[in-house]
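As a plain string of letters, each chain reads:
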Amino acid sequence: MNIGKKIIIMGGSCSGKSTMAQNLSKKFNLPVVYLDLYDPYAVPKGMARDKRKQEINQVIKDTVEKDSWIIEGIYEWYAFEERLNHADTMILLLSPAHKRIWCYIKTCITKTKRHGRAGFSAKNFRWDHVWYMLRRKDAPYDLINKAIKEHPKLQVVKLKSYKEANEFLESAQIKGI
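Worth saying up front: this structure is predicted, and the values here are computed from it rather than measured.

**Description of the overall build of the protein**
Move 1: Check the secondary structure of the protein and you find 7 helices and 7 strands.
Move 2: The 177 residues of the protein split such that 45% are buried.
Move 3: Taking contacts inside the protein between residues at least 6 apart in sequence as the whole, the part at least 24 apart equals 74%.
Move 4: For the protein, the exposed surface amounts to about 9,900 Å²; the carbon and sulfur share of it is 53%.

**Topic: the state of the cysteines**
Move 1: Overall, the coordinates contain 0 disulfides when judged by the stated rule.
Move 2: Among the cysteines around C108, which has no disulfide bond, C14 carries the closest sulfur, lying 7.6 Å off.
Move 3: Judged by its relative accessible area of 1%, C108 falls in the buried class.

**What about the sheet that holds strand β4 (residues 69-72)?**
Move 1: Read from one edge to the other, the open sheet built from 5 strands follows the order β3-β4-β2-β5-β6, with strand pairing classed as parallel. What marks the edges here is a single partner per strand, and that holds for β3 (32-34) and β6 (155-159). Recorded for the sheet is a direction-independent mean angle of 15° between the axes of neighbouring strands.
Move 2: As defined by bridge partners, β3 adjoins β4 across 3 bridges and the pair is classed as parallel.

**Here's the deal with unusual backbone geometry**
Move 1: One non-glycine residue, C14, lies in the positive phi region at around 65°.
Move 2: Note on placement: C14 falls in the loop between β2 (6-11) and α1 (17-28).

**Thoughts on the environment of D36**
Move 1: Among the structural elements, D36 can be located in the loop between β3 and α2 (49-64).
Move 2: Sequence separation of D36 and I74 is 38 residues, and the distance between their C-alpha atoms is 8.9 Å.

**Section: the side chain of R83**
Move 1: Tracing the chain through its elements places R83 in helix α3 (residues 80-86).
Move 2: Residue classification places R83 among the buried positions, given a relative accessible area of 0%.
Move 3: Not counting the four nearest positions on each side in its chain, R83 is found in contact with I8, M10, L35, I60, V64, W69, I71, G73, I74, Y75, E76 and Y78.

**Description of the pattern of salt bridges**
Move 1: Enumeration over the complete set of coordinates arrives at 3 salt bridges.
Move 2: With its nearest N and O atoms 3.4 Å apart, the salt bridge here joins K146 to E150. Highlighted residues: K146 and E150, both in helix α6 (residues 141-150), separated by 4 residues, approximately one helical turn.
Move 3: A residue is classified by how much of its surface remains accessible, and E150, at 43% relative accessible area, is partly exposed.
Move 4: The salt bridge involving K163 is made with E167; its shortest N-O contact spans 4.0 Å. Here E167 and K163 lie together in helix α7 (residues 162-171), a separation of 4 residues that amounts to about one turn.

**Digging into the environment of L169**
Move 1: Relative to the elements of secondary structure, L169 occurs in helix α7.
Move 2: On the basis of relative accessibility, which here comes to 13%, the residue L169 falls in the buried class.
Move 3: When the C-alpha atoms of L169 and M20 are compared, they prove to be 7.7 Å apart, with 149 residues separating the residues in sequence.
Move 4: Not counting residues within four places of it along the chain, the set of residues in contact with L169 comprises M20, N23, L24 and K27.

**A few points about the packing of aromatic side chains**
Move 1: Scanning all chains against the criterion turns up 2 aromatic pairs.
Move 2: Centre to centre, the rings of F125 and W127 are 5.0 Å apart; their planes meet at 90°, and the pair counts as edge-to-face.
Move 3: F125 sits in the partly exposed class, given a relative accessible area of 23%.
Move 4: A network of ring pairs unites the aromatic residues Y104, F125 and W127 as a single cluster.

Parameters and conventions
Residues numbered from 1 in each chain as written. Predicted model: local features only at pLDDT ≥ 70, side-chain atom pairs only at ≥ 80, totals over all residues. Heavy atoms only, no water. Helix = DSSP H or I, 4+ residues; strand = E, 2+ residues; numbered from the N terminus. Buried < 20%, exposed > 50% of the residue type's maximum accessible area, 1.4 Å probe, protein only. Contact = heavy atoms within 4.5 Å. Areas by Shrake-Rupley, 256 points an atom, 1.4 Å probe, with all protein chains shown as cover. Disulfide = S-S within 2.5 Å. Pairing = 2+ DSSP bridges. Axes fitted to C-alpha atoms, helices over the stretch in contact; angles between N-to-C directions. Salt bridge = Lys/Arg side-chain N within 4 Å of Asp/Glu carboxyl O. Phe/Tyr/Trp six-rings, centres within 6.5 Å; stacked < 30°, edge-to-face > 60°.

Interpretation in functional terms is not warranted from these geometric data alone.
Following this line, the structure appears as C-alpha cells:
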C-alpha cells in the first residue's frame, strides 16, 4: 500500500501507535513526534500545563512545515486541525479494548521498553488506566470521523488488529519513492 510522507497515527491507549511510528520511521527514515512525551498532565516539576501545551503546539507547527514526518498520538487539544491540514495519511489503529488491556498488562509485567510514553512497568501498573481503557474504549471517533469528512484528500488507513498492523508495515511504501 502506498502512503504519504506526512503521517498522523491515532488509536486508543496501548493500540500500538508508538510502535507503528517507530517502525515506519525506521523503514522510511521519517522523523517522529511522540505526543505522549508532551502530556500536559505529566508536566515536569515547576512547569505549568499551559506552558506545556504551548510547547507542543509549537513543536507541531514546526514539524508540519517540513517535507516528511510522523506525529503519533491523539491529544485533540494539540494543534489537531493543524496536523490534519498538513497530513496526507492518517493511520487509525483500532484494536479492541481487551487486546489493548492485555498489551498494557503484559508490558507492565515484562518491563518491555515502550517507544512513546516512558513509564509502564510492574511498579507503576495502574488499575485506573485499565478502567480508563474499558470506559473510553477507543480514540474519540466522533472527532476523528468529523476530521475525515472535513479532509476528503486525507488517505485513511484503518487497521483493526495487531496482525493487520504488522501486515501493513510489511507492505507499506511511500508514494514517489
